[in-house]
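Chain residues, written in single-letter form:
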Amino acid sequence: MAEAVGSKSDIDEKMKKKMANAIRALSMDAVQKANSGHPGAPMGLADVATVLFTDHLKFDASTPDWHDRDRFIMSAGHGSMLVYSLLYLTGYPGMDIETIKNFRQLGSATAGHPEYGHAPGIETTTGPLGQGITTAVGMALAERIQNQNLGDDVIDHHTYVIAGDGCLMEGISHEAISMAGHLRLNKLTVLWDDNNISIDGTLDMACSDDQCKRFEASGWNTIKVDGHDMAAISDAITKAKQSDRPTLIACKTVIGFGAPNKQGTSATHGAPLGDEEIALTREALGWNSPAFEIPEDILNAWRSVGANGANAREAWTPAFNALSKEAAATLVDPLGGTVKQDLAAAVTTAKKKFVEGGKKLATRVSSKEALDEILPAIPGMLGGSADLTGSNGTKTIQYKQINRDKFDGNYIHYGVREHAMGAMMNGLCLHGGFLPYSGTFLVFSDYARGAIRLSALMEQRVIYVMTHDSIGLGEDGPTHQPVEHLASLRAMPNLNVFRPADSVEVAECWDVACRSEKTPAIMSLTRQGVPLLRDDADGENKSAKGGYVLKEADGARDVTLMGTGSEVPIAMDAAKLLEADGLKVAVVSLPCWELFEAQSADYRNQVLGSAPRVGVEAAIEQGWSKWLGDSGEFVGMTGFGASGPAEQLYEHFGITAQNVAQAAKRVTSNA
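Check the secondary structure of the chain and you find 26 helices and 20 strands. Projecting the C-alpha coordinates of the chain onto the three principal axes gives extents of approximately 90 × 55 × 45 Å. Nonlocal contacts in the chain, meaning residues at least 24 apart in sequence, comprise 78% of its contacts between residues at least 6 apart. Carbon and sulfur atoms make up 47% of the accessible area of the chain, which amounts to about 24200 Å² in all. Within the chain, one finds 60 positive and 83 negative side-chain charges whose respective centroids are separated by 2 Å.

Structure, rendered in structure tokens:
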């Protein structure tokens, strides 16, 4: 797309300096009023941000969700007042001066760190350092994919990131930098706040990396500039936009710029400047306005910047209108148009094939076969794996690799970069138009946990395929056998942890995960084969309620056996043993605790019944008490696993039908 009609750079540098000082004033005043926050980064970066917004950033403040806007990510989320100042000054809806005054107050859109969904213009939640820059890699990749699929007239935008020293010290940044360089995401520009200060003091206390050489080693273009020289900053951004590689612009800045006694020191990093220093800063900057008051000419200049992008948006509209009905419907929402109907048909087909085949399959295998049907129904679905494609079953028969030369595929090889994989999927989802899923082993969810938590916090539909989900993986031993991970992930708010028991449940869980617009999902899948337990391919998605009666007792229940995943067949075998002894047994499958807990109390009570209960899962007991009741027993893991064949491990740790049956006899005798 063409740049906005009427160059934003028509604003002269003298006015731009005043506009930058408006950011500094708002930032130091808001932090002071809150008696909490980080004034140093916004004050140091004010010149960089002013140049970016006035000369380069393509956006329309009146239409914050315009799809072909440039993305701006404040990876150094502690400098949130920079974002809030820019949103207020440029005229974004919902960001008035009272909201600025309420910085860091309960219920305010101006939270301590930028939070997605709190206010228009906040592209992603940042704060955990390194997440922003990595999420931005996902956004930049999303732009390249949609650009290749739809053309320059519809998709042609840049992704800009402001990152601090902390972002670049976090390990995830290496994964992000490497991936972006490998894919040559040339429309990604990182503006590094090179101020040589961290919370503890000067950066040389802990880090002496040559960041430019580091980025260059990963295939990036790098430029060094004085972060207070507006002409040099603008020239560097122009060169970045012309590069055939992603670009790092090292902006040498003074943290807390303008504060005469504290600038350039860690004193400005994470604490208010204080009334005296603020008064001196006003004097040093020539800023005579009272707190939270912006001179009319400066505010008008900023508002003109916010309005200027309307020309580019209007010029883009005919291209959007020329899209097919289905392409327009799925440009932002991957389940728009007729996709939901197509998904329903695909899931039904998958279930019928499983029932007709009747095979004993590892749930990772049935997941792959379900995806073979589901992926064609969702054009925006993107698969991937952290170098475990064959093991995870994430590669479908429609596999088409995305690489630096062709972005029109449907599969991303993330390499051994689990954390970046998660954050990039967040970026793909936040960009719009994509439903990302990718795989690794469940035990390595630890490596991706920071990104998973942000998926949940931001309410993003990201699907994490986590295979090899228990001691059932066998010989790889306790380093690879997750025992605490299900409990840990279930403890996270707004995360659906699916552990399907057979192929039919796998297809049903995929259906729910794809439709859960505001909740990410974990698909916990087995390495070992499990028998087909269900023969109902049509009708209700029983897994959608999180738990259901798989086998009802023949009469009033004596005991209820409950399980998830590969242990549900063990519960079914235990039921046969108990029934041979004359007990009336029900078996309940709980593929998703979170969904089951969301059902009515009446439904849960109907499923669980009033008889004593036994739970079985090849994981630790934590969390099971809510389903077992006061008199129930749990059969599962009490410590780490061991190396050996899966069948021997289940016997060794006592996770057997015989032990479940014995536990059932104990709870019934005590009832």
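From this point, the narrative continues.
Along the polypeptide, Asn 21 turns up in helix H1 (residues 13–34). Apart from the residues lying within four places of it in its own chain, the contact partners of Asn 21 are Leu 285 and Trp 287.

All right, on to the nonpolar core then. Ile 100, Leu 141 and Trp 302 are the most contacted members of the largest nonpolar core, which has 122 residues in total. Setting aside anything within four residues of it in sequence, one finds Ile 100 in contact with Leu 26, Ala 30, Met 81, Tyr 84, Ser 85, Tyr 88, Met 95, Thr 110 and Phe 292. Counting 43 residues, the second largest nonpolar core, distinct from the first, contains Tyr 548, Leu 550, Val 660 and Ala 663.

Close contact between helix H7 (residues 171–183) and helix H17 (residues 418–431) brings their axes to 8 Å; oriented N to C, the two are set at 70°. Looking at the two axes, H7 sits roughly perpendicular to H17. Where H7 crosses over H17, the two elements pack in a sense that is right-handed. Counted together, Ile 172, Glu 175, Ala 176 and Met 179 of H7 and Glu 418, His 419, Ala 420, Ala 423 and Met 424 of H17 form the full contact between these two elements. Grouping the amino acids of the contact of H7 with H17 by side-chain chemistry returns six nonpolar, one polar and two charged.

Residues Asp 12, Glu 13, Asp 226 and Asp 229 make up a contiguous surface patch of negative charge. For Glu 13, the position within the fold is in helix H1. According to the relative accessible area criterion, Glu 13 is partly exposed, its value standing at 38%.

Moving on: the pattern of salt bridges. Overall, the coordinates contain 34 salt bridges when judged by the stated rule. Arg 534 is paired through a salt bridge with Asp 536; the nearest N and O atoms lie 2.6 Å apart. Arg 557 serves as the salt-bridge partner of Glu 552, at 3.0 Å between the closest nitrogen and oxygen. Here the residues in one salt-bridge network are Lys 351, Glu 508, Arg 534, Asp 536 and Lys 542, joined through shared partners.

Moving on, we come to the packing of aromatic side chains. Summed over the entire model, instances satisfying the criterion amount to 16 aromatic pairs. With 5.2 Å between their ring centres and 85° between their planes, Phe 53 and Phe 72 make a pair best called edge-to-face. Here Phe 53, found in helix H2 (residues 40–56), pairs with Phe 72, found in strand S1 (residues 71–74); they are 19 residues apart in sequence, far enough to count as distant. A residue is classified by how much of its surface remains accessible, and Phe 53, at 3% relative accessible area, is buried. Residue Phe 72 is classed as buried on the basis of its relative accessible area, which comes to 8%. These aromatic residues form a ring-pair network of at least three members: Trp 593, Phe 596, Tyr 603, Trp 624, Trp 627 and Phe 634. Its end group placed over the ring of Tyr 399, Lys 395 keeps NZ or CZ at 4.3 Å from the ring centre. One Lys or Arg, Arg 490, reaches over the ring of Trp 593 and ends 3.7 Å from the middle of that ring.

Another point: H1. Taking 1.5 Å per residue as the helical rise, H1 with its 22 residues ought to reach 32 Å, and the 32 Å between its terminal C-alpha atoms agrees with that figure. In terms of burial, H1 is a largely internal element, 16 of the 22 residues being buried. Backbone nitrogen of Lys 14 and a side-chain oxygen of the N-cap are separated by 3.3 Å at the start of H1; the cap is Asp 12.

Further remarks concern the sheet that holds strand S14 (residues 521–524). As summarised here, the arrangement of the six strands in space is S10-S9-S11-S12-S14-S13, forming an open sheet in which the pairing is parallel. Pairing within the sheet leaves two strands with one partner each, and these edge strands are strand S10 (411–413) and strand S13 (496–498). With strand direction ignored, the average angle separating the axes of adjacent strands in the sheet is 20°. For strand S9 (residues 381–385) and strand S11 (residues 435–441), the ladder comprises three bridges, and the chain directions are parallel. The residue of S11 that forms the bridge with Met 381 is Leu 435.

Quick look at the pairing of S11 now. In regular strands, side chains alternate between the two faces of the sheet. Where burial is concerned, most of S11 is hidden: seven out of the seven residues are buried. Taken together, S11, helix H18 (residues 445–457) and strand S12 (residues 463–467) form a β-α-β motif whose crossover is right-handed.

Once that is clear, we can look at the sheet that holds strand S16 (residues 548–551). If you trace the five strands from one edge of the open sheet to the other, you get S16-S18-S17-S19-S20, paired in mixed fashion. Each of the sheet's edge strands pairs with one partner strand only, and the pair in question is S16 and strand S20 (633–636). This sheet shows a mean twist of 30° between the axes of neighbouring strands, independent of strand direction.

The periodicity of an α-helix, 3.6 residues per turn, causes residues three or four positions apart to be oriented the same way. Look at H18: 17 Å from first C-alpha to last across 13 residues, which is about the 18 Å you get at 1.5 Å a residue. For H18, the principal kink sits at Ala 451 and spans about 40°. For H18, the full list of buried residues reads Ser 445, Ala 448, Ala 451, Ile 452, Leu 454, Ser 455 and Ala 456. Considering only its buried residues, H18 is in contact with helix H5 (131–150), H17, S11, S12, helix H19 (485–490) and S14. Glu 459 occupies a position one or two residues after H18 and carries a positive phi of about 60°.

Moving on to the side chain of Glu 508. Within the secondary structure, Glu 508 is located in helix H20 (residues 503–515). Its relative accessible area of 0% is what places Glu 508 among the buried residues. Apart from residues no more than four positions distant in its own chain, Glu 508 is found in contact with Lys 351, Arg 534, Glu 540, Asn 541, Lys 542 and Ser 543.

With that out of the way, let us pick up the pairing of strand S6 (residues 221–226). Across six bridges, the pairing between S6 and strand S7 (residues 247–252) is parallel. The residue bridging Val 225 from the neighbouring strand is Cys 251, located in S7. Regarding the hand of the β-α-β motif, the stretch spanning S6, helix H9 (residues 230–242) and S7 is right-handed.

Calculation criteria
Residues numbered from 1 in each chain as written. Predicted model: local features only at pLDDT ≥ 70, side-chain atom pairs only at ≥ 80, totals over all residues. Heavy atoms only, no water. Helix = DSSP H or I, 4+ residues; strand = E, 2+ residues; numbered from the N terminus. Contact = heavy atoms within 4.5 Å. Areas by Shrake-Rupley, 256 points an atom, 1.4 Å probe, with all protein chains shown as cover. Lys, Arg positive; Asp, Glu negative; His and termini not counted. Charge placed at Lys NZ, Arg CZ, Asp CG, Glu CD. Core = buried A, V, L, I, M, F, W, Y, C linked by side-chain atoms within 4.5 Å. Buried < 20%, exposed > 50% of the residue type's maximum accessible area, 1.4 Å probe, protein only. Axes fitted to C-alpha atoms, helices over the stretch in contact; angles between N-to-C directions. Parallel < 35°, antiparallel > 145°, perpendicular 65-115°, else oblique. Left-handed = near helix turned anticlockwise from the far one by under 90°. Nonpolar A, V, L, I, M, F, W, Y, C, P; charged D, E, K, R; others polar. Patch = residues over 30% accessible without salt bridge, like charges linked within 9 Å, V, L, I, M, F, W, Y side chains within 5 Å. Salt bridge = Lys/Arg side-chain N within 4 Å of Asp/Glu carboxyl O. Phe/Tyr/Trp six-rings, centres within 6.5 Å; stacked < 30°, edge-to-face > 60°. Lys NZ or Arg CZ within 6 Å of the ring centre and 35° of its normal. Expected span 1.5 Å × (residues − 1). Polar contact = N/O pair within 3.5 Å; in protein donor to acceptor, adjacent residues only side chain to side chain. Pairing = 2+ DSSP bridges. Right-handed = clockwise from strand over helix to strand, strands pointing away. Bend = angle between axes of the 7 residues up to and from the residue.

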